[in-house]
Amino acid sequence: MKMPLVLVAGALALLGCTTDSVSQTGRDALLRDRPARKPKALLIMLDGARADALAAARMPAVSSLRDGSWTPGYRGAWTLFGQNVPDARPSSAANHTAIFTAVNAEKSRVFNNGQTKDGDYAHWPTWLKRVTDAVPGTKGLFIFSWGEGKQYPSSPNVRFIHDSDANNGKNLAKILAAPDAPDAIQYFIDLPDHGGHSAGFYPFSREYLHALYTSDTYIAAALAAIRSRPTFKDEDWLVMVTADHGGYARSHGMWGGQASTIPLVLSGRNTPAGRLPGAPRHYDLTATALAHFGLDPAALKLDGRPLTTTVQDRPRPLKDGLAARQYAGGKPLGVRKVEGSEKLAFENGGDFAVTLWARLPAKQKGDPVLFSNKDWKSGVNPGIALVASKATDGAKAPGVCFNAGRPDKERIDMGTFDVEPGQWTFYAVVRNSEGVLTVYQGRADGRLNWICAPVPDILVKSGPPFHVGQDGTGVYRHALDGDVDDFALWARALSHEDVQRIYEAGRQGLPLADLLL
Ligand SMILES: [Zn+2]
């Protein structure tokens, strides 16, 4: 299939088509003095990098991309609530291919490892092939360490380098510093996935965090090489970082958010600064790269969408929208009904937030809840529940997970979070107006873990009131063995920073009330 080259608005602006306020002569002079900078793009994929681990790891190079401080004149956009491909389990090959082609597995036909060789690249070529075919004189580079990458088809202007991560790191820095550096580069780093498989994909796993740090040193070398280019001031770089999947315990590939919540970071001269709203997908970076070279992802019928807007989260007083709070002076709450909660102004599909602390034993009898406003006899019933003991897809043992009913008798199950027996552990569930549901666990080690999913429709309203330590009916057959403390419910979303604040305060023994003043 031959795809048309479509110039997007940004490219037209570069050609001087939208400068009403400048006279024709002045504009000609401006264009003569300041020729359009040459577009360049580097898309980095950290294999197996969970979003929350990225926040916990020491990664100064990625941080400098995130805030645009890696070089003057550049800005950064980011999210730690990104998602991988929606229609395949979070395997490497399905997501490498999605990042490389900017389409879902349904189009690429790569749903799992071992299927890279069967991909439909005739209809859905890699972004490197698209750019080098469409823009005369451009060159591409695919540099990677995972052997399956060799199965992507070659194309005349795209060079493949397959070597170890360490060699690739050194080699790429040399290539980027050279005058004839490629214009479009896809760089896959395998290292974090090794750390996760051998020591656990957790923000508290030292080996995993160290693998992320080492990966960051490769990125730092690449950025230094880009900055050192004699032609750097005449170039317009777009540098992007994302992941193919996260992980849980020592594996990935499970549904339920643990392996699907990933980071997205991009930095460019024209990148809007701030947080990327919603739950963008890794291949939205690919679409942004294609637009950077003047191609139109929508005209190409890609699933990736260019990332063009960011938001600045403004702090709000925590007491705004607080609908109910249950606190017993630092003593566990026991089972209790949240009086009047059946009348609270929750809307189906609307925002809400819940925070609490819980202390659980290693094992529960059955699947009791920490809180709920639903009849927990069935997960498809309307309402929400934080379940103390349930194993979602791929979990090694039952743990804490979130359930909600959805229209048409569908359900959502997010988790599983490992229980820390006997430890007070923080939980939060937030659904925001961007359609993203986030479930948090704040552990005794001070690490806040989270998973998220785009959830456009959720049946928050159920009929029954909220109970702490019981479901909405108050008589669910499995009683909670454990304690809940400082339960709070908002009829609005909390920001990530709000959740962090409540967790940190609780770790220091402060009840939520101390933050409401
Ligand atoms: Zn992977």
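Quick notes on the rules
- Residues numbered from 1 in each chain as written.
- Predicted model: local features only at pLDDT ≥ 70, side-chain atom pairs only at ≥ 80, totals over all residues.
- Heavy atoms only, no water.
- Domains from an automatic or database assignment.
- Contact = heavy atoms within 4.5 Å.
- Buried area = accessible area lost by both parts, 1.4 Å probe.
- Salt bridge = Lys/Arg side-chain N within 4 Å of Asp/Glu carboxyl O.
- Polar contact = N/O pair within 3.5 Å; in protein donor to acceptor, adjacent residues only side chain to side chain.
- Helix = DSSP H or I, 4+ residues; strand = E, 2+ residues; numbered from the N terminus.
- Pairing = 2+ DSSP bridges.
- Axes fitted to C-alpha atoms, helices over the stretch in contact; angles between N-to-C directions.
- Donors = N, O, S within 2.8 Å, 3.2 Å for Na, K, Ca; no water.
- Buried < 20%, exposed > 50% of the residue type's maximum accessible area, 1.4 Å probe, protein only.
- Phe/Tyr/Trp six-rings, centres within 6.5 Å; stacked < 30°, edge-to-face > 60°.
- Lys NZ or Arg CZ within 6 Å of the ring centre and 35° of its normal.

Colleague: How do you make sense of the domain arrangement of the chain when you look at a structure like this?
Modeller: One widely used convention gives an interface's size as the accessible area the parts lose upon coming together. Per the domain assignment, the segments making up the chain are domain 1 (38–220 + 237–292) and domain 2 (322–515). Computed over C-alpha atoms only, the centres of domain 1 and domain 2 are separated by 33 Å. Across the contact, 27 residues belong to domain 1 and 26 residues belong to domain 2. When the two sides are added together, the surface that domain 1 and domain 2 hide from each other amounts to roughly 2,000 Å², 53% of it contributed by carbon and sulfur. If you look at where domain 1 meets domain 2, you find 2 salt bridges. The salt bridge involving arginine 275 is made with glutamate 434; its shortest N-O contact spans 3.0 Å. In this structure, the connection of domain 1 to domain 2 is made through 13 residue pairs in polar contact (both at pLDDT 80 or more). Listed by contribution, the elements that provide at least two residues to the side of domain 1 that touches domain 2 are helix 3 (51–56) and strand 2 (75–83).

Colleague: Even after reading the chapter, I still don't get the sheet that holds strand 6 (residues 235–243), so can you show me in this structure?
Modeller: Strand pairing within a sheet occurs via backbone hydrogen bonds; the two strands may be parallel or antiparallel. The 8 strands are arranged 4-3-5-1-6-7-2-8 in an open sheet whose pairing can be described as mixed. Unpaired on one side and paired on the other, strand 4 (158–162) and strand 8 (274–275) mark the two borders of the sheet. Relative to strand 6, strand 1 (residues 38–46) runs parallel, the two sharing 9 bridges. Paired with alanine 41 across the two strands is leucine 238, which belongs to strand 6. Along the sheet, helix 8 (residues 165–177) makes contact with strand 1, strand 3 (140–144), strand 4, strand 5 (184–189) and strand 6, crossing strand 5 at roughly 160°. On top of the sheet, helix 10 (residues 206–227) reaches strand 1, strand 5 and strand 6; it is set at about 170° to strand 1, its chief contact.

Colleague: How should I be thinking about the side chain of arginine 229 in this particular structure?
Modeller: Take arginine 229: it is sitting in the loop between helix 10 and strand 6. For arginine 229, the side chain forms a polar contact with the main-chain oxygen of proline 179, separated by 3.5 Å. Setting aside chain neighbours within four positions, we find arginine 229 in contact with Lys40, Leu176, Ala177, Ala178, Pro179, Ala181, Glu235 and Trp237.

Colleague: Would you explain the coordination of the zinc ion in this entry?
Modeller: Put simply, the ideal angle at a metal is 109.5 degrees for four donors in tetrahedral geometry and 90 or 180 degrees for six donors in octahedral geometry. Bound to the zinc ion are the protein donor atoms Asp47 (OD), Asp47 (OD), Ser92 (OG), Asp244 (OD) and His245 (NE2), situated 1.9 to 2.8 Å from the metal. The sequence motif formed by the donor residues of the zinc ion is D-x44-S-x151-D-H. Pair noted here: aspartate 47 is in the loop between strand 1 and helix 3 and histidine 245 is in the loop between strand 6 and strand 7 (261–268), with a separation of 198 residues, a long-range link. For the residue pair aspartate 47 and histidine 245, the accessibility class agrees, reading buried in each case.

Colleague: Even after reading the chapter, I still don't get the sheet that holds strand 18 (residues 448–454), so can you show me in this structure?
Modeller: Taken in spatial order, the 6 strands make up an open sheet running 9-20-11-16-17-18, and their pairing is antiparallel. Only two strands of the sheet have a single neighbouring strand rather than two, namely strand 9 (322–326) and strand 18. Sheet twist, expressed as the mean angle between neighbouring strand axes with direction ignored, is 10°. Where strand 9 meets strand 20 (residues 483–490), 4 bridges bridge the pair, whose relative direction is antiparallel. Bridge pairing in strand 20 places arginine 325 opposite alanine 488.

Colleague: Whenever I open this one, the pairing of strand 5 confuses me. Can you help?
Modeller: Regular strands have side chains that alternate between both faces of the sheet. Where burial is concerned, most of strand 5 is hidden: 6 out of the 6 residues are buried. Burial along strand 5 is two-sided: Ala184, Gln186 and Phe188 and Ile185, Tyr187 and Ile189, pointing in opposite directions, are all buried. Summarising the sheet, strand 1 and strand 5 pair through 6 bridges and their orientation is parallel. Within the sheet, the bridge partner assigned to isoleucine 44 lies in strand 5 and is tyrosine 187. Of the strand pairs in this sheet, strand 3 and strand 5 are connected by 4 bridges, and their pairing is parallel. The residue of strand 5 that forms the bridge with leucine 141 is isoleucine 185.

Colleague: Looking at this structure, I do not really get the packing of aromatic side chains. What am I missing?
Modeller: Aromatic ring pairs are reported here in terms of the distance separating the ring centres and the angle at which the planes meet. One pass over the full model with this rule turns up 22 aromatic pairs. With a centroid separation of 6.4 Å and 80° between ring planes, the pair formed by tyrosine 202 and tyrosine 248 is classed as edge-to-face. With tyrosine 202 in the loop between helix 9 (191–199) and helix 10 and tyrosine 248 in the loop between strand 6 and strand 7, this pair connects stretches of sequence that are 46 residues apart. Accessibility classification places tyrosine 202 together with tyrosine 248 in one group, the buried group. Among the aromatic residues, those joined into a cluster by ring pairs are Phe100, Tyr121, Phe142, Phe144, Tyr152, Phe160 and Phe188. Lying across the ring of tryptophan 78, arginine 66 places its NZ or CZ 3.9 Å from the centre. Geometry around tryptophan 124 places lysine 107 over its ring, the cationic atom sitting 5.1 Å from the centre.

Colleague: Sorry if this is basic, but what is going on with the pairing of strand 13 (residues 384–390) here?
Modeller: Burial within strand 13 is extensive, with 6 of its 7 residues counted as buried. Of the pairings in the sheet, the one linking strand 12 (residues 369–372) to strand 13 comprises 3 bridges and is antiparallel in character. Residue pairing across strands places phenylalanine 371 opposite leucine 386, the latter belonging to strand 13. Of the pairings in the sheet, the one linking strand 13 to strand 14 (residues 399–406) comprises 5 bridges and is antiparallel in character. Bridge pairing links valine 387 to cysteine 401 in strand 14.

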